[in-house]
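This is what each chain is made of:
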Amino acid sequence: MEPTRAESLDTLRRRTSEKWRAFGPEYLPMFVAEMDFPLAPVIKAALHEAIDLGDTGYLDPRSGGRAAARALAAFADDRWDWHPDPDGMATTTDVSVVIAEALRRLIAPGEGVIITPPVYPPFFDLVPEAGGTVVEVPLLDDGEEWSLDLEGIDRAMDAGARGVLLCNPHNPLGLVHSREALEALAAVVEKHRGFVVSDEIHAPLVHTDAAFTPYLDVSPAAAEHGIAAHSASKAFNLAGLKCALFVTAGERMRTLVRGLPEEVVFRTGLFGAIATRIGFDEGRDWLDGTIAAIEENRRMLSRLLAEQLPLARYREPRASYLAWLDLSEYGWGEDPARALRRRAGVVLSNGPRFGAQGRGFARMNIACAPEVLVEAVGKIAAAAEASA
């Protein structure tokens, strides 16, 4: 598969999204999870057709929303050998809304929801937004691999936590949880009669040397007590178009989705639903090329760090395009991304925002042209040399 080529920096700097407007042109932005690749041609064509028709109104959930659900179901069947029923799905604006609206209906005010840091920063906010209390059970790290702390999750649920907000695959690590780990998690949660809300937004971007396991597919118990959040937004770079899906497999969660207020569904963006359908149905070759480009970059980053920043510690991700860098040996403090904005002009995501386990770390977005990656590491290496 020929890797997708990223846009030039001149073209990218004409974009008006946060990645290209939050900082000036003197900075190299590699923070927010937005790719530098061009939009998939089939999606671009579908959106142009909609604009030509003036098709910019409200989404009809019975047609556009259902079409997006059928497209996800077909993609899941093809890529993951999973057969979710479109009748158990509903659309909304984005994955954060799926999480918050699901949690609102699964917990009483003040009840605990487990998260597993270092983890996607909004998890710390979505739980209280839904009325719950964050319970942190950090991932285990043996120096080679990360894993869920199943005993810790068991203890937290013994102490009263009601459920788990799972990141699957796990952001910022690119960790693809194994089927065995998810089966074990499902057993723990079922023992406590709890729930799992599984954020699976990065699932379509699992690399060719890993296998994604949908949480709802690991056991009958998981199917009944789990609800998944899916979207094409990360895989096809569609965050601004606003479409995500509640996905269920058991009657308990189907009932939850059927009871959602109509407005939760009607807020779905029409362009988002169109792009989701086309991406999942017709954009798979483009996606394969994009994953190939990301895999090349993840390997290139290993080489660049070994040559220029040998004190940095990095494990290649097996999903998505986010690199978790341990820069603690360079003396840039608990938040090296803050120092590197000033010293190197490279904008990374701040490690401590992912939890206390992120102190000394920064997250780098590697969905970019290889030459941008080379430039970024070179700038960081120069900053390290200057501060030595």
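Worth saying up front: this structure is predicted, and the values here are computed from it rather than measured.

Comments concerning the overall build of the chain
Piece 1. A count of helices and strands for the chain gives 16 helices and 15 strands.
Piece 2. Relative to its 388 residues, the chain shows a buried fraction of 57%.
Piece 3. Here the analysis covers contacts within the chain between residues at least 6 apart in sequence; of these, 72% occur between residues at least 24 apart.
Piece 4. Summed over all atoms, the accessible surface of the chain reaches about 16000 Å², with 49% contributed by carbon and sulfur.
Piece 5. For the chain, the separation between the mean place of its 40 positive charges and that of its 56 negative charges on side chains is 4 Å.

Some points on the nonpolar core
Piece 1. Membership of the largest hydrophobic core comes to 105 residues, with the highest contact counts inside it found for Met30, Tyr215, Leu301 and Met364.
Piece 2. Ranked by residue count, the leading element in this core is helix 14 (residues 284–308), at nine residues.
Piece 3. Not counting the four nearest positions on each side in its chain, Met30 is found in contact with Val346, Val347, Leu348, Arg363, Met364, Asn365, Cys368, Val372, Leu373 and Ala376.
Piece 4. Val119, Ala130, Ile227 and Met253 belong to the second largest nonpolar core, which has 32 residues in total.

Considerations on the sheet that holds strand 14 (residues 349–350)
Piece 1. What the four strands build is an open sheet, ordered 11-12-15-14; its pairing is antiparallel. The sheet is open, and its two edges are formed by strand 11 (313–314) and strand 14, each paired on a single side.
Piece 2. With two bridges joining them, strand 14 and strand 15 (residues 361–365) adopt antiparallel strand pairing. Along strand 15, the bridge assignment pairs Ser349 with Arg363.

A word on the sheet that holds strand 4 (residues 133–136)
Piece 1. Ordered in space as 2-10-9-8-7-3-4, the seven strands form an open sheet in which the pairing is mixed. Edge positions in the sheet fall to strand 2 (89–92) and strand 4, since each of these pairs with one other strand and no more. The mean angle between the axes of side-by-side strands here comes to 25°, regardless of whether they run parallel or antiparallel.
Piece 2. Summarising the sheet, strand 3 (residues 112–115) and strand 7 (residues 163–167) pair through two bridges and their orientation is parallel. Across the sheet, the residue bridging to Ile114 is Val164, located in strand 7.
Piece 3. In the packing of helix 8 (residues 179–191) onto the sheet, contacts are made with strand 7 and strand 8 (195–199), and the angle to strand 7 comes to roughly 160°.

Considering unusual backbone geometry
Most peptide bonds take the trans form, and the phi angle of most residues other than glycine is negative.
Piece 1. Each neighbour pair has its own omega, and for Pro117 with Pro118 the value is 5°, a cis peptide bond.
Piece 2. Take Pro118: it is sitting in the loop between strand 3 and helix 6 (123–129).
Piece 3. Here Asn171 and Pro172 are connected by a cis peptide whose omega angle stands at 25°.
Piece 4. When you line up the elements, Pro172 lands in the loop between strand 7 and helix 8.
Piece 5. The phi dihedral of Arg193 falls on the positive side, at around 55°, and the residue is not glycine.
Piece 6. Positionally, Arg193 belongs in the loop between helix 8 and strand 8.
Piece 7. Judged by its relative accessible area of 70%, Arg193 falls in the exposed class.
Piece 8. Phi at Asn237 takes a positive value of approximately 60°, unusual for a residue other than glycine.

What to know about the environment of Phe75
Piece 1. The residue Phe75 is located in helix 4 (residues 61–80) in this model.
Piece 2. Among the residues examined, Phe75 registers a relative accessible area of 0% and is labelled buried.
Piece 3. Residues Phe75 and Arg284, 209 residues apart in the sequence, show an inter-C-alpha distance of 8.7 Å.

Some remarks on helix 4
Piece 1. Taken as a whole, helix 4 has its buried residues at Gly64, Gly65, Ala67, Ala68, Ala69, Ala71, Leu72, Ala73, Phe75, Ala76 and Trp80.
Piece 2. Turning to helix 4, the residues buried within the fold contact strand 2, strand 9 (226–230), strand 10 (244–247), helix 13 (270–282) and helix 14.
Piece 3. Where helix 4 starts, the residue carrying a side-chain oxygen 3.0 Å from the main-chain nitrogen of Arg62 turns out to be Asp60.
Piece 4. Phi for Asp81, located one or two positions after helix 4, is positive at around 50°.

So, the packing of aromatic side chains
Between two aromatic rings, the relevant description is the distance of the centres plus the angle of the planes.
Piece 1. Within the structure shown, the criterion is met by twelve aromatic pairs.
Piece 2. Both rings, one in Phe236 and one in Phe280, keep their centres 6.1 Å apart while their planes meet at 85°; by these two values the pair is edge-to-face. Here the residue Phe236 occupies a position in helix 10 (residues 233–236), and Phe280 occupies one in helix 13, the gap between them amounting to 44 residues.
Piece 3. Among the aromatic residues, ring-to-ring pairing joins Phe75, Trp80, Trp82, Phe212, Phe236, Phe280 and Trp286 into one connected group.
Piece 4. Looking at Arg315, its charged tip hangs above the ring of Trp146, at a distance of 4.0 Å from the centre.

Observations concerning the environment of Tyr321
Piece 1. Along the polypeptide, Tyr321 turns up in the loop between strand 11 and strand 12 (322–326).
Piece 2. Setting aside residues up to four positions removed in sequence, Tyr321 forms contacts with Ala33, Glu34, Met35, Leu205, Lys234, Ile294, Met364, Asn365, Ile366 and Ala367.
Piece 3. At 3.1 Å, the side chain of Tyr321 forms a polar contact with the backbone oxygen of Ala33.

Some remarks on the packing of helix 15 (residues 336–344) against helix 16 (residues 370–387)
Piece 1. The N-to-C vectors of helix 15 and helix 16 enclose an angle of 90°; their axes lie 10 Å apart at closest approach. In terms of orientation, helix 15 lies roughly perpendicular with respect to helix 16. Every residue of helix 16 that contacts helix 15 at Leu340, Arg343 and Ala344 is listed here: Lys379, Ile380, Ala383 and Ser387.
Piece 2. For the contact of helix 15 with helix 16, the per-class residue count stands at four nonpolar, one polar and two charged.

Description of the pairing of strand 9
Piece 1. Judged by how many residues are buried, strand 9 sits mostly within the fold: five of five residues are covered.
Piece 2. Covered by surrounding structure in strand 9 are Gly226, Ala228 and His230 together with Ile227 and Ala229, the residues of both alternating faces.
Piece 3. In this sheet, strand 9 lies alongside strand 8 in parallel orientation, the contact comprising four bridges. Of the residues in strand 9, the one forming a bridge with Ser198 is Ala228.
Piece 4. In this fold, the crossover linking strand 8 to strand 9 by way of helix 9 (residues 220–225) has right-handed handedness.

Conventions we followed
Along each chain, residue indices are assigned from 1 in the same order as the chain's sequence is written. A pLDDT threshold of at least 70 governs which residues receive local features in this predicted model, and a stricter bar of 80 or more applies before side-chain atom pairs are shown or counted, although totals over entire chains, interfaces and linings include all residues. The side-chain numbers reported here are obtained from all heavy atoms of the structure, hydrogens and water having been left aside. What counts as a helix is a DSSP run of H or I of at least four residues, what counts as a strand is a run of E of at least two, and both are numbered from the N terminus. The cut-offs for exposure are 20% and 50% of the maximum accessible area for each residue type, with area from a 1.4 Å probe on protein chains only; residues under the lower value are buried, those over the upper are exposed, and the others partly exposed. Any two residues whose heavy atoms approach within 4.5 Å at even a single point are treated as in contact. To be clear on the numbers: accessible area is Shrake-Rupley with a 1.4 Å probe, and residue cover counts the displayed protein chains and nothing else. This count recognises Lys and Arg as positive and Asp and Glu as negative, with His and chain-terminal groups excluded. By convention, the charge on Lys lies at NZ, on Arg at CZ, on Asp at CG and on Glu at CD. Nonpolar core, defined: a set of buried Ala, Val, Leu, Ile, Met, Phe, Trp, Tyr and Cys residues in which side-chain atoms within 4.5 Å join the residues together. Paired strands are those between which DSSP finds at least two bridges. Helix axes use the C-alpha atoms of the stretch in contact, all axes being lines fitted to C-alpha atoms, and the angles between their N-to-C directions lie in the range 0 to 180 degrees. Any N or O atom pair separated by 3.5 Å or less is treated as a polar contact, with the protein-specific requirement of one donor-capable and one acceptor-capable atom, and with residues adjacent in sequence counted only for side-chain atom pairs. Only the six-membered ring of Trp is used, alongside the rings of Phe and Tyr, when aromatic pairs are assigned; centres must lie within 6.5 Å, and planes under 30 degrees apart are stacked while those over 60 apart are edge-to-face, with the rest tilted. For a Lys NZ or an Arg CZ to count as sitting over a ring, it must be within 6 Å of the ring centre and within 35 degrees of the ring normal. Our angle categories are set so that under 35 degrees counts as roughly parallel, over 145 as roughly antiparallel, 65 to 115 as roughly perpendicular, and the remainder as oblique. Residues are sorted three ways: Asp, Glu, Lys and Arg are charged, Ala, Val, Leu, Ile, Met, Phe, Trp, Tyr, Cys and Pro are nonpolar, and all the rest, Gly among them, are polar. Orient the strands so they point away from the viewer; a crossover is then right-handed if the path from the first strand over the helix to the second runs clockwise.

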